Amino acid sequence: MLIVVNSDVLYTNAFMHTEMHKNWRSFAEGCKNVGATLAFPRTSLYEIELRQKELYDLEIRRIDDARKLLTRYDSTLKVRQAADQIKVADVVHAFSAQGLHVEVELPTLDDFRDAEMRAAKHLPPSPPRKSSSQSSDEEQSDEMRDLVIWSVACRLARERGGALLLSRDVVHSGKLGREEAEACGLLRASDFDEALGMLGAETAAGQLAKLFLAKAWDKIIGAGVALPKVFAVHTIADPTYIRSTTAIKVATFRFGVKLDDGKLLTAQASIAQNDYDERLYDLALADARIAKAILKDVTVQFEGPIEAKTNDDYAERLRALRGIV
Amino acid sequence: MNLRMGGQYFSDVDIPLLWGTRAVVSDKADRLSIINLEGSEAKLEILGDQPAADIEFRPLSGGAVEILDNHVPLYTFDASSKTLRGVKLKLPECIIDASGIRIGTNYFSNNTVVGFGVGLVVSEHGMGMGAPLPPNLARLRV
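Everything numeric here is computed off the predicted structure, so don't read it as measured data. (Residues numbered from 1 in each chain as written. Chains lettered and ligands numbered in written order. Predicted model: local features only at pLDDT ≥ 70, side-chain atom pairs only at ≥ 80, totals over all residues.)

Chemist: So what exactly am I meant to see when it comes to the overall build of chain B here?
Modeler: Scanning chain B from N- to C-terminus turns up zero helices and 17 strands. Taken over C-alpha atoms, the radius of gyration comes to 14 Å for chain B, in line with the 14 Å a tight globule of 142 residues would show. For chain B, buried positions account for 39% of its 142 residues. Across chain B, every contact between residues at least 6 apart in sequence was considered, and the portion connecting residues at least 24 apart equals 37%. (Helix = DSSP H or I, 4+ residues; strand = E, 2+ residues; numbered from the N terminus. Rg over C-alpha atoms; globule rule 2.2 N^0.38 Å. Buried ≥ 20, exposed ≤ 12 C-beta atoms within 10 Å, placed from the backbone. Contact = placed C-beta atoms within 7 Å.)

In structure tokens form, the structure reads like this:
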């Protein structure tokens, strides 16, 4: 999966010296685990580089202030040397150094033309034209830049068979762009955790978790959890499984579901094969919450999604190993 | 045991390949099994290219699996490329193909190892061919 990164999710107030920011590093680790590629639209990268330069300049000023202060008190510390040893952080290199594949995507002429048209005609995802009584000064001044990033993200999603736009910007994450995003296979996440969860839902482990959830869906609704009637899982995180000689016997994962009102329900699912009937599974939902509201724990029983294999295959592989050891 | 694995011939060895504390063994159909020898009893983690019963795992894209311990990823195993890659286990990557065994940047091919506890031993600090059985490992038994 390709993740198109907007600058706002990498906005930071901390100067990055030798170590990458902790939350950036854990995001990079999560992306690496699912084989995701990061793509920085050049437009977005200009903003990221601008912020990194601001932080660098601030750090240099601080060092200079420190030098002046220490000089005033006759300190012999060589503070100037420290300033020579810091540099503007290279964000692309920082993510590459984590073992991630990183691309910088230049907008094409068509991307610019597309963004220009959207901005001028107030086409989605840009906000509709305001009434004549409102001054045009009230409009956001950076909407053209956002629209270029949107055009690049949609193009990449079409070219690569899907992508995920990671952005907090209202133009990128709002309702106005939903239809087009769905049509071109562009998923949208507004923070690192949501992005990793959405990537998790697309992995092999996430797909397996969704198979279990799909089978249990109606039972969960029947137990009083207000899930949407149509099965749709937004995020899957930390899925793990344990198998018996014939089937998956334990599955645990955290999942998120977008509710009809747009809020996100998250819960920890623990699924275990029934002790008495191996076709059945018991699902316990714990730590279920919608925003800060905590829901009651729920337990349901459902029929498993995958038919158990016979024991023959496992026994044959075990015999083959025992023949050697 | 006597077996051919990854282009080597191991004769009269207890463990052909020891990757950290994991014994790696190939069966006659060239399927790999990985057995954890930490502790007092051997524990089968991969059986014939697939996660063994009662082992915590996570399927990865492309057919590989990750083996975990209490939700902590230990290593990944890709059956199609016969590749072991450490996650928490800080061990060099190990690839066992038909003609050789690649450990980190080293490639072993067409060797015969006779009469050692371990044919090829891999640790965090290095690797060697023909070594005694390290102490405190469980007996290889499945």
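Chemist: Looking at this structure, how should I read the interface of chain A and chain B?
Modeler: Where the parts come together, the accessible area they lose is often given as the size of the interface. At the junction of the two partners, chain A supplies 21 residues and chain B supplies 24 residues. Elements that contribute at least two residues to the side of chain A that touches chain B include exactly α10 (204-222), β6 (235-243) and α11 (312-322) of chain A. When residues in the side of chain A that touches chain B are grouped by element, the largest group, six residues, is from β6(A). Alignment of β6(A) against strand β8 (residues 56-59) of chain B, held across two bridges, turns out to be antiparallel. Residue pairing for β8(B): A:Ile242 is matched across the bridge by B:Glu56. (Pairing = 2+ DSSP bridges.)

Chemist: Help me understand the pairing of strand β10 (residues 72-78) of chain B, please; the structure alone is not making it clear to me.
Modeler: For a regular strand, side-chain orientation follows a simple rule: the groups alternate between the two sheet faces. Residue and element names in this part refer to chain B. Sheet analysis places strand β9 (residues 65-69) next to β10, joined by five bridges and oriented antiparallel. Opposite Asp69, over in β10, you have Val72 as the bridge partner. The turn linking β9 back onto β10 is made up of two residues, and Asn70 within it adopts a positive phi angle of 50°. In terms of strand pairing, β10 meets strand β11 (residues 83-86) through four bridges, oriented antiparallel. Bridge pairing in β11 places Tyr75 opposite Gly86.

Chemist: Any chance you could explain α10(A) here in plain terms?
Modeler: The periodicity of an α-helix, 3.6 residues per turn, causes residues three or four places apart in sequence to face the same way. Residue and element names in this part refer to chain A. Here α10 contains 19 residues, and its C-alpha end-to-end distance of 28 Å stays within 8% of the 27 Å for a straight helix at 1.5 Å per residue. The sharpest bend along α10 reaches about 50° and sits at Ala216. Among all positions of α10, only Ala205, Gly206, Leu208, Ala209, Lys210, Phe212, Leu213, Ala216, Trp217 and Ile220 are buried. Positive phi appears at Gly224, one or two residues downstream of α10, with a value of about 105°. (Expected span 1.5 Å × (residues − 1). Bend = angle between axes of the 7 residues up to and from the residue.)

Chemist: Just to check I follow, could you spell out the domain arrangement of chain A for this structure?
Modeler: Residue and element names in this part refer to chain A. Domain annotation of chain A identifies domain 1 (2-199) and domain 2 (204-303). Between domain 1 and domain 2, the C-alpha centre-to-centre distance is 34 Å. In this assembly, four residues from domain 1 lie in contact with five residues from domain 2. Of the residues belonging to the side of domain 1 that touches domain 2, the class tally is two nonpolar, one polar and one charged. (Domains from an automatic or database assignment. Nonpolar A, V, L, I, M, F, W, Y, C, P; charged D, E, K, R; others polar.)

Chemist: I would appreciate a short explanation of helix α6 (residues 143-160) of chain A in the present structure.
Modeler: Residues and elements named next belong to chain A. Between the first and last C-alpha of α6 there are 25 Å, a value that for 18 residues agrees with the 26 Å anticipated at 1.5 Å per step. With 13 of its 18 residues buried, α6 lies for the most part within the structure. The positive-phi residue at the C-terminal boundary of α6 is Gly161, with phi of around 70°.

Chemist: In this structure, what is going on with the nonpolar core? I would like to understand it.
Modeler: One broad rule of soluble globular proteins: the nonpolar side chains tend to lie buried together. All names here are of chain A. Core analysis: the biggest nonpolar cluster contains 107 residues, and Ile3, Val4, Ala153 and Leu164 have the highest contact counts within it. Taken domain by domain, this core gets at least three of its residues from each of domain 1 (2-199) and domain 2 (204-303). Ignoring anything within four residues of it in the chain, the contact list for Ala153 reads Val4, Ala163, Leu165 and Leu186. (Core = buried A, V, L, I, M, F, W, Y, C linked by C-beta atoms within 7 Å.)

Chemist: How should I be thinking about the sheet that holds strand β4 (residues 163-166) of chain A in this particular structure?
Modeler: Sheets are built from strands paired through backbone hydrogen bonds, the pairs being either parallel or antiparallel. Residues and elements named next belong to chain A. With respect to topology, five strands assemble into an open sheet ordered β3-β2-β1-β4-β5, the strand pairing being parallel. Two strands in the sheet have a free side with no partner beyond their single neighbour: β3 (101-105) and β5 (186-189). Across this sheet, the average inter-strand angle for adjacent strands is 25°, counted without regard to direction. Relative to β3, strand β2 (residues 37-41) runs parallel, the two sharing five bridges. When the bridges of β3 are listed, Phe40 appears paired with Val104. (Axes fitted to C-alpha atoms, helices over the stretch in contact; angles between N-to-C directions.)

Chemist: Is there a simple way to explain the confidence of the model for chain B in this structure?
Modeler: Do not read the predicted coordinates in detail wherever pLDDT is low. On average, residues of chain B score 93 in pLDDT, and 100% of them are at 70 or above. Taken together, the chains of this predicted complex give a pTM of 0.76 and an interface ipTM of 0.92. (pLDDT = per-residue confidence, 0-100.)

Chemist: It is not clear to me how unusual backbone geometry should be interpreted in this structure. Could you clarify?
Modeler: Both trends apply: most residues other than glycine have a negative phi, and most peptide bonds are in trans. Residue A:Pro125 follows A:Pro124 across a cis peptide bond; omega there is 5°. With respect to the helices, strands and loops of the structure, A:Pro125 is situated in the loop between α5 (109-121) and α6. Its identity as a non-glycine residue notwithstanding, A:Ala291 has a phi of 55°, on the positive side. Along the polypeptide, A:Ala291 turns up in the loop between β9 (280-290) and β10 (293-294). Phi is positive for B:Asp12, which is not a glycine, with a value near 55°.

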